[in-house]
Amino acid sequence: MIQSLLPNIADLHKIEVYEANGGYQALRKALGMKPEEVTDEVKKSNLRGRGGACFPTGLKWTFMPKVTPKPKYLCVNGDESEPGTFKDRQIFESNPHVMIEGIVIACYAMGITTAYLYIRGEYGKWVRMVQKAVDDASAKGYIGQNILGTGFSTQLVVHKGAGAYICGEESALMNSLEGERGYPRVKPPFPAQYGLWGCPTTINNVETLSNVPIIINNGWEWYSKIGAPKHPGPILVGVSGHVNKPGVYEMPTGVPLLEIIYKHAGGVPGNKGIKAVIPGGSSTPILRGDQLEGVCMDADSMKAAGSAVGTAGVIVMDEDTDLIQVIARIAKFYHHESCGQCTPCREGTGWLHKILDRFVRGDGRREDIDLLMDVANNIEGNTICALGDAAAWPVQSMIRRFRDEFEKRVHEAVPAEQVPA
Amino acid sequence: MLSEASLQKIEELKTKYPTTQAMTLPVLWMVQEEHGFISPEAMKYVADLLKVSYGHVFGVVTFYTMYNARKIGKHHIEVCTNVSCMLRGSGKIVEHLEHRLGIKMGETSRDGTWTLSEVECMGSCGTAPMCAVGEEYYENLNPEKVDSVLNKLQ
Ligand SMILES: Cc1cc2nc3c(=O)[nH]c(=O)nc-3n(C[C@H](O)[C@H](O)[C@H](O)COP(=O)(O)O)c2cc1C
Ligand code: SF4
Ligand code: FES
């Protein structure tokens, strides 16, 4: 029975190996249940989305109308472009069938007959691997017409993106699937009412859906006891930056950040101190090295610490890191990726980028620090999609927690009267 | 413009999407795979094929960074300079590449062999620094490894 996302089993990406280890048993079990029972199981398990917002998955599924004359769709979000995030790639590579199994179960639960798996264009190699796995699963009757003879049918279409971070935002993803530019849509209406081609649609992250077979196999009670009670389950944590063993580690939610860094990722090279940690991908607020004690990888603990789980992409920075360079690079990213629809985001991200570049050059002005805060505050909450917030949070948190770093880079112009004649 | 094999694939794709417009991205990928870039003629061709406007196709090509509206070098080297890579020395990799190839970021070598681009996070942060050449990822780079990649591709 598959009990984890990345079990240590050689060649698990091969369908025979997956089957030999209990793969697709959850699908059999789910198909023997009523669709509502499957949704209920997921709801009670307390599984929360792994795409960044930690939204309760079962609850999201219940937003889908039961009866509708329109087709319903599932979008599987494999756009994975948040800097510091590289975990869905690991699922594509090492355990694609747990994701496929989860997708088919989700389709059954919501009465969906077409699922689109959107994978970022840069992952061309992984698109091929996943397509192979999908073809193998179809050949065995796990996807397609009359699945396992039950009369239930659903198809899974792998769709390759073409380079645009914004297409990971769920409504931009739907527009991109429709063949449009990846512009986020104004909400409401929400996807469950008006999604792909105006039809009821659910969007879930790759890792989120990969948890579903584990829940079905073991039951919600078992699952809900893994890790942090309000945000349970196994979670894939990607650790990068200044650690000895960067990589993706599977662990229960609720593991202390320091344990992640020192036990799993082998500590900091040269035994240096930690200056700062970004705990959940580039958009999550940065934490100071001296405030990590007791902070754990779950929604509540991160919130209490003034940050967020995000995509669980932990970026570690040692004591010698130039944080101004880090925040300037992050600002450049959001400026580059802004789709340009909303003025606060389009203009604001440009301003942040430009002002922060001044600090990198040592040309910052004292009033620029407050200006940065002001620009970020004016973006936050005033845009169509959350990219605006994602651009604002890192800047706000960096100024709040590392104001001294900015002050050190202020260019103190010599007053005119002191300039020697 | 497109090979028989691609045209056949397009017929298959029609069963997977309710509109032809939804096939814009997949069909543009086919064009780029066969021709290396997407010319104005190719955009016109795709527009006719999918019964959408030229403006629509142009808009899509220019929105997504991976579509090349212009011819680029035989080998496209894309170096990630985002945070995780930066922390592990992507700056040195960029410097080394520029030096070795004699071109700056965003340029194509005179003989048309190399195009060098700076890109955003490629999902390889745990194996940083990295670069991609086409679909291939080269990870845990250092200057020596860059040299061996270049020698292999030449
Ligand atoms: C700018 C932006 C980029 C996003 N990128 C991704 C992404 O690459 N992958 C992902 O799963 N979710 C991404 N999200 C979150 C999605 O909008 C959505 O919440 C998520 O896919 C829902 O799945 P979940 O509930 O299973 O987490 C992004 C959100 C924003 C605002
Ligand atoms: S917030 Fe930014 S990325 Fe999102 S819709 Fe507005 S301009 Fe586009
Ligand atoms: S930051 Fe370079 S691959 Fe993610």
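Residues numbered from 1 in each chain as written. Chains lettered and ligands numbered in written order. Predicted model: local features only at pLDDT ≥ 70, side-chain atom pairs only at ≥ 80, totals over all residues. Heavy atoms only, no water.

Draft legend 1. Molecular detail of the overall build of chain B. A count of helices and strands for chain B gives 7 helices and 4 strands. Listing every helix and strand of chain B by position from the N terminus yields α-α-α-α-β-α-α-β-β-β-α. Structurally, chain B occupies a C-alpha span of about 50 × 35 × 25 Å along its principal axes. The 154 residues of chain B split such that 54% are buried. For chain B, the proportion of contacts with a sequence separation of at least 24, taken over those separated by at least 6, is 58%. (Helix = DSSP H or I, 4+ residues; strand = E, 2+ residues; numbered from the N terminus. Buried < 20%, exposed > 50% of the residue type's maximum accessible area, 1.4 Å probe, protein only. Contact = heavy atoms within 4.5 Å.)

Draft legend 2. Molecular detail of the pairing of strand β5 (residues 234–241) of chain A. All names here are of chain A. The element β5 is largely enclosed, with a buried count of 8 among its 8 residues. Between β5 and the antiparallel strand that follows it, strand β6 (residues 247–252), lie 5 residues. When β5 meets strand β9 (residues 313–318), the two strands line up parallel, connected through 4 bridges. The partner of S240 across the bridge, within β9, is I315. (Pairing = 2+ DSSP bridges.)

Draft legend 3. Region of interest: the domain arrangement of chain B. Split into domains, chain B comes out as domain 1 (4–63) and domain 2 (75–153). Once you take the C-alpha centre of each, domain 1 of chain B and domain 2 of chain B turn out to be 30 Å apart. (Domains from an automatic or database assignment.)

Draft legend 4. Quick peek at the sheet that holds strand β8 (residues 287–288) of chain A. Residues and elements named next belong to chain A. Strand order across the open sheet formed by 5 strands is β6-β5-β9-β7-β8, with mixed pairing between neighbours. Strands with a single pairing partner mark the edges of an open sheet, and in this sheet they are β6 and β8. Pairing of strand β7 (residues 274–278) with β8, which is carried by 2 bridges, proceeds in the antiparallel orientation. Considered in β8, the bridge of A276 is made with R288. Where helix α11 (residues 257–264) meets the sheet, it contacts β5, β6, β7, β8 and β9, and its direction lies at approximately 110 degrees from that of β7. (Axes fitted to C-alpha atoms, helices over the stretch in contact; angles between N-to-C directions.)

Draft legend 5. Spotlight on the packing of helix α2 (residues 24–35) of chain B against helix α3 (residues 40–50) of chain B. All names here are of chain B. At a minimum axis separation of 11 Å, α2 and α3 run at an interaxial angle of 140 degrees. With respect to α3, the axis of α2 lies oblique. Crossing handedness for the pair α2 and α3: right-handed. Across the interface between the two elements, T24, V27, L28 and V31 of α2 pack against A42, V46, L49 and L50 of α3. Grouping the constituent residues of the contact of α2 with α3 by class yields 7 nonpolar, 1 polar and no charged. (Parallel < 35°, antiparallel > 145°, perpendicular 65-115°, else oblique. Left-handed = near helix turned anticlockwise from the far one by under 90°. Nonpolar A, V, L, I, M, F, W, Y, C, P; charged D, E, K, R; others polar.)

Draft legend 6. Fine view of the interface of chain B and chain A. Taken together, the contact pairs 41 residues of chain B with 58 residues of chain A. In this assembly, chain B packs against chain A so that about 3,800 Å² is buried in total across both faces, 55% of it on carbon and sulfur atoms. Of all residues in chain B, F63, L87 and E135 of chain B give up the largest surface area on contact with chain A, accounting jointly for 17% of the area buried on that side. A salt bridge links E136 of chain B to K125 of chain A; the shortest N-O distance between them is 3.2 Å. Counting the contacts that link chain B with chain A gives 24 residue pairs in polar contact (both at pLDDT 80 or more). Breaking the side of chain B that touches chain A down by element, the ones donating at least two residues are α2, α4 (54–63), α5 (83–87), β2 (114–119) and β4 (136–138) of chain B. Here the side of chain B that touches chain A is composed, by residue class, of 19 nonpolar, 14 polar and 8 charged. (Buried area = accessible area lost by both parts, 1.4 Å probe. Salt bridge = Lys/Arg side-chain N within 4 Å of Asp/Glu carboxyl O. Polar contact = N/O pair within 3.5 Å; in protein donor to acceptor, adjacent residues only side chain to side chain.)

Draft legend 7. Spatial organisation of the nonpolar core. By size, the foremost hydrophobic cluster in this structure holds 83 residues, and its most contacted members are I166, M317, L372 and F406 of chain A together with Y64 and Y67 of chain B. Ranked by residues supplied to this core, first place goes to helix α13 (residues 323–337) of chain A with 9 residues. Excluding residues within four positions of it along the chain, M317 of chain A makes contact with H242, I274, K275, A276, V277, I278, I286, L323 and V326 of chain A together with L87 of chain B. Ranked by size, the runner-up nonpolar core spans 70 residues in total, among them L5, A30, V38 and A106 of chain A. (Core = buried A, V, L, I, M, F, W, Y, C linked by side-chain atoms within 4.5 Å.)

Draft legend 8. Representation of the site of ligand 1 in the model. Residue and element names in this part refer to chain A. Taken together, 18 residues sit near ligand 1, with G51, K60, N77, N205 and T208 positioned nearest. In the model, an oxygen atom of ligand 1 is placed 2.8 Å from a nitrogen or oxygen of the G51 main chain. In the model, an oxygen atom of ligand 1 is placed 2.9 Å from a nitrogen or oxygen of the K60 side chain. Here ligand 1 has 600 Å² of accessible area as a free molecule, and 89% of this is covered by the chains. (Near = heavy atom within 4 Å. Areas by Shrake-Rupley, 256 points an atom, 1.4 Å probe, with all protein chains shown as cover.)

Draft legend 9. Looking closely at the pattern of salt bridges. All names here are of chain A. Counted according to the given criterion, the structure contains 36 salt bridges over all chains. Between E170 and K187 there is a salt bridge, with its nearest N and O atoms 3.5 Å apart. With a gap of 17 residues between them, E170 in helix α8 (residues 170–177) and K187 in the loop between α8 and β4 (201–205) connect regions that are remote in the sequence. Connected via shared salt-bridge partners are R50, K87, D88 and E207.

Draft legend 10. Molecular detail of the packing of aromatic side chains. Under the counting rule described, the total for this entry stands at 20 aromatic pairs over all chains. Geometrically, the ring pair formed by F55 of chain A and F63 of chain A is tilted, given 6.1 Å between the ring centres and 55 degrees between the ring planes. You can call F55 of chain A partly exposed: its relative accessible area is 34%. Classification of F63 of chain A by relative accessible area gives partly exposed; the value is 39%. Ring centres of F333 of chain A and Y334 of chain A lie 4.9 Å apart, and the angle between their planes is 75 degrees; on these two criteria the pair is classed as edge-to-face. On the basis of relative accessibility, which here comes to 1%, the residue Y334 of chain A falls in the buried class. By way of ring pairs, the aromatic residues Y183 of chain A together with W29, F63, Y64 and Y67 of chain B are connected into one cluster. Against the face of W29 of chain B rests K160 of chain A, its NZ or CZ located 3.8 Å from the ring centre. Its guanidinium or amino end placed over the ring of F402 of chain A, R288 of chain A lies 4.9 Å from that ring's centre, counting from NZ or CZ. (Phe/Tyr/Trp six-rings, centres within 6.5 Å; stacked < 30°, edge-to-face > 60°. Lys NZ or Arg CZ within 6 Å of the ring centre and 35° of its normal.)

Draft legend 11. Expanded view of the environment of W126 of chain A. Along the chain, the position of W126 of chain A falls in helix α7 (residues 124–139). Between the C-alpha atom of W126 of chain A and that of K225 of chain A, which follows or precedes it by 99 residues, the distance is 33 Å. Not counting residues up to four positions away in its chain, the partners in contact with W126 of chain A are R89, F92 and E93 of chain A together with Y137 of chain B. A polar atom in the side chain of W126 of chain A sits 2.7 Å from the side chain of E93 of chain A.

Draft legend 12. Molecular detail of helix α9 (residues 206–218) of chain A. With 13 of its 13 residues buried, α9 of chain A lies for the most part within the structure. Phi turns positive, to about 90 degrees, at G219 of chain A, one or two residues after α9 of chain A.

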